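What follows is each chain in one-letter form.
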Amino acid sequence: ILNVEQSPQSLHVQEGDSTNFTCSFPSSNFYALHWYRWETAKSPEALFVMTLNGDEKKKGRISATLNTKEGYSYLYIKGSQPEDSATYLCALYNQGGKLIFGQGTELSVKP
Amino acid sequence: EAGVAQSPRYKIIEKRQSVAFWCNPISGHATLYWYQQILGQGPKLLIQFQNNGVVDDSQLPKDRFSAERLKGVDSTLKIQPAKLEDSAVYLCASSIVGQSTDTQYFGPGTRLTVL
């Protein structure tokens, strides 16, 4: 069974705090890792697609790193804002030819 | 560019009833996906189309679920008859060709409640 695990399941931070979450996955047969942000009542929004070991990507205050040898990716948010409140999903694409999603990390940022 | 459209946004039905969901992908996207997201879990792929052909339906409960994409554009997903455990958000997504690095663009989903 292929498991993609995310931690923590939920996180509550104050506005201005920096935070990070983890996505763990089997490192064999790795093709790509996708990160999505899903706000309540909206469509999941693509953040990053990462393929290379050591990859670092950045979009505004959000960045992500990838370690394919040990099977993990970190997502960082610098200076969290209330509008960052959402569920953050990672998904592994391997030789099975489809995205396998983790259960998500639910972030709540209080003003 | 218009995004992925889905309807309805919400649906409440009794168990054993039938329900259908509609999806219109981004224009020009060859690959269309239907996902089921149960509360507390990540989205799970039900079926993947490449144009109007099925690429993967290994996780589709075929005794009650069916899907079609007749002209390689929009798609419908049907559940007949529904069970309580089918309560979930049904997400449609599309991508250009379905490769590992292709971004999948999601619609807003249909939240189904089966009573």
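Residues numbered from 1 in each chain as written. Chains lettered and ligands numbered in written order. Predicted model: local features only at pLDDT ≥ 70, side-chain atom pairs only at ≥ 80, totals over all residues. Heavy atoms only, no water.

Q: How would you explain the nonpolar core if you had to name every residue and give the values?
A: Among soluble globular proteins, nonpolar side chains are generally buried collectively. Core analysis: the biggest nonpolar cluster contains 24 residues, and Phe25, Leu33, Trp35, Phe48, Leu75, Tyr88 and Leu107 of chain A have the highest contact counts within it. Only strand 2 (10-14), strand 3 (19-24), strand 4 (30-38), strand 5 (45-50), strand 7 (62-67), strand 8 (72-77), strand 9 (86-94) and strand 11 (105-110) of chain A provide two or more residues apiece to this core. At four residues, the largest contribution of residues to this core is made by strand 9 of chain A. Counting 21 residues, the second-largest nonpolar core is a separate cluster that includes Val4, Ile13, Val19 and Leu112 of chain B. (Core = buried A, V, L, I, M, F, W, Y, C linked by side-chain atoms within 4.5 Å. Buried < 20%, exposed > 50% of the residue type's maximum accessible area, 1.4 Å probe, protein only. Helix = DSSP H or I, 4+ residues; strand = E, 2+ residues; numbered from the N terminus.)

Q: Which residues make up the packing of aromatic side chains, and what values do they have?
A: Taken as a whole, this structure holds 13 aromatic pairs over all chains when the rule is applied. Ring geometry for Tyr35 of chain B against Phe106 of chain B: centres 5.5 Å apart, planes inclined by 45 degrees, an arrangement best described as tilted. Taken together, the residues span a long stretch of sequence, with Tyr35 of chain B in strand 4 (residues 31-37) and Phe106 of chain B in strand 10 (residues 105-106) at a distance of 71 residues. Residue class for Phe106 of chain B comes out buried when judged on its relative accessible area of 6%. One aromatic cluster is present, built from ring pairs that chain together Tyr36 and Phe101 of chain A together with Tyr33, Tyr35 and Phe106 of chain B. (Phe/Tyr/Trp six-rings, centres within 6.5 Å; stacked < 30°, edge-to-face > 60°.)

Q: Let's hear about the state of the cysteines: which residues, and what values?
A: This structure, assessed with the given rule, holds two disulfides over all chains. Between the sulfur atoms of Cys23 of chain A and its disulfide mate Cys90 of chain A the distance is 2.0 Å. Taking the torsion about the sulfur-sulfur bond, which here is approximately 80 degrees, the covalent link between Cys23 of chain A and Cys90 of chain A counts as right-handed. Remark: Cys90 of chain A occurs in strand 9 and Cys23 of chain A occurs in strand 3; sequence separation between them is 67 residues. Each member of the pair Cys23 of chain A and Cys90 of chain A is classed as buried. Put simply, Cys23 of chain B and Cys92 of chain B are joined by a disulfide, and their sulfur atoms are 1.9 Å apart. Given an S-S torsion of about -70 degrees, the disulfide between Cys23 of chain B and Cys92 of chain B has left-handed geometry. Pair noted here: Cys23 of chain B is in strand 3 (residues 19-24) and Cys92 of chain B is in strand 9 (residues 88-95), with a separation of 69 residues, a long-range link. A residue is classified by how much of its surface remains accessible, and Cys23 of chain B, at 0% relative accessible area, is buried. Judged by relative accessible area, which is 0%, Cys92 of chain B ranks as buried. (Disulfide = S-S within 2.5 Å.)

Q: Explain the sheet that holds strand 3 of chain B residue by residue, including any values.
A: Residues and elements named next belong to chain B. Reading across the sheet, the four strands line up as 1-3-8-7 and stay open at both edges, with antiparallel pairing between neighbours. The strands lining the two open edges of the sheet, one partner per strand, are strand 1 (5-7) and strand 7 (65-68). Neighbouring strand axes in the sheet, compared pairwise and without regard to direction, differ in orientation by 15 degrees on average. Strand direction decides the pairing type here: strand 3 and strand 8 (residues 75-79), joined by five bridges, are antiparallel. (Pairing = 2+ DSSP bridges. Axes fitted to C-alpha atoms, helices over the stretch in contact; angles between N-to-C directions.)

Q: Just give me the short version of the interface of chain A and chain B, but keep the residues and values in it.
A: Each partner contributes to the interface: chain A provides 20 residues, whereas chain B provides 24 residues. Both sides together, the interface formed by chain A and chain B hides about 1,600 Å², and carbon and sulfur atoms give 58% of it. Considering only the surface of chain A that becomes buried against chain B, Trp38, Lys98 and Phe101 of chain A emerge as the three largest contributors, covering 31% of it. Our enumeration of links across chain A and chain B arrives at one salt bridge. The salt bridge involving Asp56 of chain B is made with Lys98 of chain A; its shortest N-O contact spans 3.4 Å. Where chain A touches chain B, the interface holds eight residue pairs in polar contact (both at pLDDT 80 or more). Broken down by secondary-structure element, the contributors of at least two residues to the side of chain A that touches chain B are strand 4, strand 5, strand 9 and strand 10 (99-101) of chain A. Per element, the largest residue contribution to the side of chain A that touches chain B is five residues, and it comes from strand 4 of chain A. Of the residues belonging to the side of chain A that touches chain B, the class tally is 12 nonpolar, six polar and two charged. (Contact = heavy atoms within 4.5 Å. Buried area = accessible area lost by both parts, 1.4 Å probe. Salt bridge = Lys/Arg side-chain N within 4 Å of Asp/Glu carboxyl O. Polar contact = N/O pair within 3.5 Å; in protein donor to acceptor, adjacent residues only side chain to side chain. Nonpolar A, V, L, I, M, F, W, Y, C, P; charged D, E, K, R; others polar.)

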